[in-house]
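One letter stands for each residue in the lines below.
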Amino acid sequence: MKVFKKGKNTIIDEIKDFDLAQTLECGQCFNFHKLDDDEYLVVAFGNAIKIKQEKHRLIFFNTKISDVRNIWIHYFDLDRDYAKIKNYLRRKDPLLRDAIKEFSGVRLMNQEFHSALISFIISQNKQIPHIKKICSDICKNYGKYIGEIEGIKCYSFPTIDELSRITEKQFRDLKTGFRAPYLVDACQKLKSGKISDEKLMNQDCDDCRCSLTSIKGVGDKVANCAMLFSLGKREAFPIDVWIYRIMVDTYFDGKQVSKDEIAEFAKKKYGKYGGYAQQYMFAARNNIKEAK
C-alpha cells in the first residue's frame, strides 16, 4: 500500500482485500452518501470527504495526506492483513468460502464510539434507509456544519455535550419512536462518564457487553455492534434476525435454538475472528444457503 499526494488529492495505491462499496453498504455505518459507482461522500470524526475507488486505488479528494494517514486508513482498517484473516476463516469453516469470495472486499470499520452507539440504538427494528435518514437529521439539527461536497451540505455527528442536551421529545420529533428514551439514557451516561470508550476498551468482551447493556434499551445485539465497529472487539458476534436464520439453517439443521447457544457456538468456532465471520455472513445473507 502506497500513500502519496497528487495535486489536491491524496491517493492510496496498491490496496488489497478492500472494496469501498462493499464496506460502506453492508450495514455497519450510516453516515455516508453514494455519489456514483464506487464514489462516496463519507462523514466521520468531524470530517467530510469524497472518496472514489478505481480498482486497487483509492482517491481522497481535496484532502491532506496527514488526514488520510491519521484518520481514514484507520477508519477503513486498511492497515490490517485481511488475507491472513480470510485464510483462517476458510480453513476453519468451509461453508464461509463462497461468502468470503463474493465479498472479499469487506472490512470492519473503526468508527467513533459515541456515534456508533447512538446509530445502532436507532437501528433497532429499522431499515437502513430509515436509520441513515434519522442519523442525518440528528447531525443536521444538532451537529456542526462542516462544508458542502457535490451540492450536499455536511454536518458532523454531535459531540457528547451536544447530544446530552437533546430531550426525549426532540428525539421523538426526529422519528426515533420508542428508541427516544433509550437515546436519552445513552447520552446521559456518556456525558456523566459512566460509559466511555476509554473504559470499555480496557474491559474484556464479556465485561464490555455487560457495561453497554446497562444502558436502557441496549441488548446484546446493539452492544456487540458497538463493540465490533467502534471498540476493536473483533470477537464480538452480533446476532440479528438475518444472522440468527443463517446460523440456525446452516449449523443447527433448522432447529430453533437460543441466541446464547449461537453466540457460544460462534465463540468456539471462530474465536477472535468472530466479528469477521459475522460480517461475511451478513454481507452474503441473501445467498448464504447456496454456500451450504
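What you see is a predicted model, and the numbers here were worked out from it, not measured in a lab.

**Observations regarding the overall build of the protein**
For step 1, the next point in the chain: The helix and strand tally for the protein stands at 16 helices and eight strands.
For step 2, the next point in the chain: For the protein, whose C-alpha radius of gyration is 19 Å, the value lies close to the compact-globule estimate of 19 Å for 292 residues.
For step 3, the next point in the chain: For the protein, the spread of C-alpha atoms along the three principal axes comes to 50 × 45 × 35 Å.
For step 4, the next point in the chain: For the protein, with 292 residues in total, the buried portion stands at 53%.
For step 5, the next point in the chain: Taking the intrachain contacts of the protein between residues at least 6 apart in sequence as the baseline, contacts between residues at least 24 apart amount to 64%.
For step 6, the next point in the chain: Accessible surface, the protein as shown: approximately 14,000 Å² in total, 46% of it carbon and sulfur.
For step 7, the next point in the chain: Separation of charge centres in the protein, based on 51 positive and 40 negative side chains, amounts to 1 Å.

**Quick look at helix α15 (residues 274-283)**
For step 1, the next point in the chain: Of all the ten residues making up α15, ten are buried; the element is thus mostly covered by neighbouring parts of the structure.
For step 2, the next point in the chain: G274, G275, Y276, A277, Q278, Q279, Y280, M281, F282 and A283 are the residues of α15 that are buried.
For step 3, the next point in the chain: Where α15 is buried, its residues touch α3 (82-92), α4 (97-102), α12 (220-230), α13 (241-251) and α14 (259-270).

**Digging into the nonpolar core**
For step 1, the next point in the chain: Counting residues in each nonpolar core, the largest one holds 72 residues, and the members touching the most others are L89 and L212.
For step 2, the next point in the chain: The residues contacting L89, other than those within four sequence positions of it, are L96, I100, Y270, Y273, Y276, A277 and Y280.
For step 3, the next point in the chain: I12, A44, I71 and I73 belong to the second largest nonpolar core, which has 24 residues in total.

**As for a negative patch on the surface**
For step 1, the next point in the chain: Where like charges cluster on the molecular surface, the negative patch consists of D220, D260, E261 and E264.
For step 2, the next point in the chain: Per-element tally for the negative patch: the top contributor is α14, with three residues.
For step 3, the next point in the chain: As for its position among the elements, D260 is in helix α14.
For step 4, the next point in the chain: Among the residues examined, D260 registers a relative accessible area of 56% and is labelled exposed.

**Some details on the pairing of strand β3 (residues 32-36)**
For step 1, the next point in the chain: Of the strand pairs in this sheet, β3 and strand β4 (residues 39-44) are connected by four bridges, and their pairing is antiparallel. Note that in β4 the partner of D36 across the bridge is E39.
For step 2, the next point in the chain: Hairpin remark: β3 followed by β4, antiparallel, with two residues in the connecting loop; positive phi at D38, about 60°.

**Examining the packing of aromatic side chains**
For step 1, the next point in the chain: Counting across every chain of the model gives 16 aromatic pairs.
For step 2, the next point in the chain: Between Y75 and F76, the ring centres sit 5.0 Å apart and the planes meet at 80°, which makes this aromatic pair edge-to-face.
For step 3, the next point in the chain: Overall, the relative accessible area of 4% leaves Y75 in the buried class.
For step 4, the next point in the chain: We classify F76 as buried; its relative accessible area is 0%.

**Digging into the packing of α13 against α15**
For step 1, the next point in the chain: Across the interface, α13 lies against α15 with an axial gap of 10 Å and an inter-helix angle of 95°. If you check the angle between α13 and α15, you find them roughly perpendicular. Here W242, I243, I246, M247 and Y251 of α13 come into contact with α15, specifically with Q278, M281 and F282.
For step 2, the next point in the chain: A class-by-class count of the residues in the contact of α13 with α15 yields seven nonpolar, one polar and no charged.

**Side note on the domain arrangement of the protein**
For step 1, the next point in the chain: Assigned domains within the protein: domain 1 (2-80) and domain 2 (113-230).
For step 2, the next point in the chain: In this structure, domain 1 and domain 2 have C-alpha centres spaced 23 Å apart.
For step 3, the next point in the chain: At the interface, 14 residues of domain 1 touch 16 residues of domain 2.
For step 4, the next point in the chain: Summed over both partners, the interface of domain 1 with domain 2 buries about 1,300 Å², with 76% contributed by carbon and sulfur atoms.
For step 5, the next point in the chain: Taken together, the connections running from domain 1 to domain 2 amount to one salt bridge.
For step 6, the next point in the chain: When the shortest N-O distance is used, the salt bridge between E150 and K50 registers 2.9 Å.
For step 7, the next point in the chain: Linking domain 1 to domain 2 there are two residue pairs in polar contact (both at pLDDT 80 or more).
For step 8, the next point in the chain: Of all the elements in the fold, those that place two or more residues in the side of domain 1 that touches domain 2 are β3, β4 and β5 (47-54).
For step 9, the next point in the chain: In terms of residue count, the dominant contributor to the side of domain 1 that touches domain 2 is β5 (four residues).

**Focus: the side chain of Q22**
For step 1, the next point in the chain: Summarising the element assignment, Q22 is placed in helix α1 (residues 20-24).
For step 2, the next point in the chain: A distance of 3.5 Å separates the side chain of Q22 from the backbone nitrogen of V106, its partner in a polar contact.

**Quick look at the sheet that holds β5**
For step 1, the next point in the chain: Taken in spatial order, the six strands line up as β1-β2-β6-β5-β4-β3 in an open sheet, and their pairing is antiparallel. Of all the strands in the sheet, the pair left with one neighbour each is β1 (2-6) and β3. Direction aside, neighbouring strands of the sheet carry axes that sit 25° apart on average.
For step 2, the next point in the chain: Taken together, the five bridges between β1 and strand β2 (residues 9-13) define a ladder with antiparallel strand orientation.

Rules used throughout
In this numbering scheme, every chain counts its residues from 1 along its sequence in written order. Thresholds applied to this predicted model are a pLDDT of at least 70 for local features of residues and 80 or more for the giving and counting of side-chain atom pairs; totals over whole chains, interfaces and linings are not thresholded and use all residues. Here the side-chain values reflect all heavy atoms present in the structure, with hydrogen atoms and water set aside. For helices the rule is a DSSP run of H or I covering at least 4 residues; for strands it is a run of E covering at least 2, with both sets numbered from the N terminus onward. What the globule rule says is 2.2 Å times the number of residues to the power 0.38, and the radius of gyration is computed from C-alpha atoms. Type-normalised accessible area, obtained with a 1.4 Å probe on protein chains alone, sets the label of each residue: buried when under 20%, exposed when over 50%, and partly exposed for intermediate values. Any two residues whose heavy atoms approach within 4.5 Å are treated as being in contact. To be clear on the numbers: accessible area is Shrake-Rupley with a 1.4 Å probe, and residue cover counts the displayed protein chains and nothing else. Under the convention used here, Asp and Glu are negative, Lys and Arg are positive, and both His and the chain ends fall outside the count. Where a charge lies is defined by one atom per residue type, namely NZ (Lys), CZ (Arg), CG (Asp) and CD (Glu). Each nonpolar core is a collection of buried residues, namely Ala, Val, Leu, Ile, Met, Phe, Trp, Tyr and Cys, held together in the definition by side-chain atoms within 4.5 Å. Only residues whose relative accessible area exceeds 30% and that take part in no salt bridge are eligible for patches, with like-charged residues grouped when within 9 Å of each other and nonpolar side chains (Val, Leu, Ile, Met, Phe, Trp, Tyr) grouped when within 5 Å. Whenever a carboxyl oxygen of Asp or Glu lies within 4 Å of a side-chain nitrogen of Lys or Arg, that contact is scored as a salt bridge. Strand pairing is assigned whenever DSSP identifies at least 2 bridges connecting the two strands. Pairing of aromatic rings covers Phe, Tyr and Trp, the last through its six-membered ring, and needs centres within 6.5 Å; plane angles under 30 degrees mean stacked, over 60 mean edge-to-face, and all others mean tilted. As a rule, the C-alpha atoms of each element are fitted with a line to give its axis, helices using only the stretch in contact, and angles between N-to-C directions run from 0 to 180 degrees. By definition in this entry, angles of less than 35 degrees are roughly parallel, angles greater than 145 are roughly antiparallel, angles of 65 to 115 are roughly perpendicular, and the rest are oblique. Note on residue classes: Ala, Val, Leu, Ile, Met, Phe, Trp, Tyr, Cys and Pro are nonpolar, Asp, Glu, Lys and Arg are charged, and everything else, Gly too, is polar. Each domain's extent is set by a domain assignment, obtained either automatically or from a database. Buried area is understood as the total, over both parts, of accessible area removed when two parts are fitted together, assessed with a 1.4 Å probe. N or O atoms within 3.5 Å of each other form a polar contact, as long as, within protein, one can give a hydrogen and the other can take it, and as long as residues adjacent in sequence are counted only when both atoms are side-chain atoms.

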